[in-house]
Amino acid sequence: MDRAGAGSLVTFCEAVGNGTPWRTAFVEAFGLQVQAFYADFERERRRRAP
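Sequence order as written defines residue numbering, which begins from 1 separately in each chain. For this predicted model, a pLDDT threshold of at least 70 governs which residues receive local features, and a threshold of 80 or more governs which side-chain atom pairs are given and counted, while totals over whole chains, interfaces and linings are taken from all residues. To obtain the side-chain values, all non-hydrogen atoms of the structure were included, while hydrogens and water were left out.

### Remarks on the environment of Phe 26
Item 1. Topologically, Phe 26 is positioned in helix H2 (residues 22-30).
Item 2. When the C-alpha positions of Phe 26 and Arg 47 are compared, they lie 24 Å apart, and in sequence the two are 21 residues distant.
Item 3. Here, two residues are considered to be in contact whenever any of their heavy atoms come within 4.5 Å of each other. Every residue in contact with Phe 26, bar those within four places of it in the chain, is listed here: Phe 12, Gly 31, Leu 32, Gln 33, Val 34 and Phe 37. Under the scheme used here, helices are H or I runs from DSSP no shorter than 4 residues and strands are E runs no shorter than 2 residues, and both carry numbers assigned from the N terminus.

### Considerations on the environment of Thr 20
Item 1. Considering the arrangement of structural elements, one finds Thr 20 in the loop between helix H1 (6-17) and H2.
Item 2. The classification of residues rests on relative accessible area computed with a 1.4 Å probe and restricted to protein chains. Under 20% of the type maximum is buried, over 50% is exposed, and intermediate values are partly exposed. Given a relative accessible area of 23%, Thr 20 falls into the partly exposed group.
Item 3. Beyond its immediate stretch of four places on either side in the chain, Thr 20 contacts Ala 15, Ala 25 and Glu 28.

### Side note on the packing of aromatic side chains
The description of two aromatic rings rests on the distance between their centres and on the angle between their planes.
Item 1. Within 6.5 Å between ring centres, the rings of Phe, Tyr and Trp (the latter by its six-membered ring) count as paired, and their orientation is classed by plane angle as stacked under 30 degrees, edge-to-face over 60, tilted in between. Applying the stated criterion across every chain, the model contains 6 aromatic pairs.
Item 2. For the pair Phe 12 and Phe 26, a centre-to-centre distance of 6.1 Å together with 85 degrees between the ring planes defines the contact as edge-to-face. Here the residue Phe 12 occupies a position in helix H1, and Phe 26 occupies one in helix H2, the gap between them amounting to 14 residues. As far as burial versus exposure is concerned, Phe 12 and Phe 26 are alike and both buried.
Item 3. Measuring from ring centre to ring centre gives 5.9 Å for Phe 37 and Phe 41, while their planes differ by 40 degrees; the resulting arrangement is tilted. With Phe 37 and Phe 41 both in helix H3 (residues 34-48), this residue pair falls 4 residues apart, about one helical turn.
Item 4. Linked through ring pairs, Phe 12, Phe 26, Phe 30, Phe 37, Tyr 38 and Phe 41 together constitute an aromatic cluster.

Okay, here's the thing in structure tokens:
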């Protein structure tokens, strides 16, 4: 969220609400693939809470 901003979350939710598949909406709103997000999230989680 820090990287993309709160507006991206709104964009994602609106797209899903309008029928866009969530993975497509995710890429369009946040600018990265879901698997890349999962990998980044896991790296950050390990860094902050080993």
